[in-house]
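Spelled out from the first residue to the last, the chains are:
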Amino acid sequence: MDPRAERKQKKKKKSGVRTKFMIESLRKDYYALRDENDRLREIVQNNLPKDVADGILADCFDLTSPSAKISSVDDIDAKMKGMGIDEGDEDED
């Protein structure tokens, strides 16, 4: 293998590792934020009258928004794989 192709392959592998780490980090953040959101929603529901709580929650979370249609970061990951986006592709020369 010529030196240029070898460097390119190493760069692609390194980029794939960075991408994988970043996705895993984002996945952890996503689940932590989702758990916090669930706790906050529960606090609102348990400590306010139902009509007030429903109004606040309706303003804070729109079930018709496109982001509400994705149930988890794993769904996003699966959709990306279906689009032909592979780890390491973003840094190719």
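Owing to the predicted nature of the structure, the values given are computational and were not obtained by experimental measurement.

Focus: the packing of aromatic side chains
Consideration 1: All chains considered together, the criterion is met by 1 aromatic pair.
Consideration 2: Ring geometry for Tyr-30 versus Tyr-31: centroids 5.1 Å apart, planes at 75 degrees, classification edge-to-face.
Consideration 3: According to the relative accessible area criterion, Tyr-30 is partly exposed, its value standing at 26%.

A short note on the pattern of salt bridges
Consideration 1: Across all of its chains, the model carries 4 salt bridges by this definition.
Consideration 2: The partner of Glu-6 in a salt bridge is Lys-10, with the nearest N and O atoms 3.9 Å apart. Of the two residues, Glu-6 and Lys-10 both sit in helix α1 (residues 3-47), 4 residues apart, roughly one turn of that helix.
Consideration 3: Assessed through its relative accessible area of 36%, Glu-6 is described here as partly exposed.
Consideration 4: On the accessibility criterion, Lys-10 (56% relative accessible area) is exposed.
Consideration 5: Between Asp-54 and Lys-50 there is a salt bridge, and its shortest N-O distance comes to 2.8 Å. Placement of the pair is Asp-54 and Lys-50 together in helix α2 (residues 50-60), with a separation of 4 residues, close to one helical turn.
Consideration 6: Of the residues examined, Asp-54 reaches a relative accessible area of 36% and is grouped as partly exposed.

Concerning the side chain of Arg-27
Consideration 1: Among the structural elements, Arg-27 can be located in helix α1.
Consideration 2: Here the side chain of Arg-27 touches Glu-24 through a polar contact of 2.9 Å, side chain to side chain.

What counts and how
- Residues numbered from 1 in each chain as written.
- Predicted model: local features only at pLDDT ≥ 70, side-chain atom pairs only at ≥ 80, totals over all residues.
- Heavy atoms only, no water.
- Phe/Tyr/Trp six-rings, centres within 6.5 Å; stacked < 30°, edge-to-face > 60°.
- Buried < 20%, exposed > 50% of the residue type's maximum accessible area, 1.4 Å probe, protein only.
- Salt bridge = Lys/Arg side-chain N within 4 Å of Asp/Glu carboxyl O.
- Helix = DSSP H or I, 4+ residues; strand = E, 2+ residues; numbered from the N terminus.
- Polar contact = N/O pair within 3.5 Å; in protein donor to acceptor, adjacent residues only side chain to side chain.

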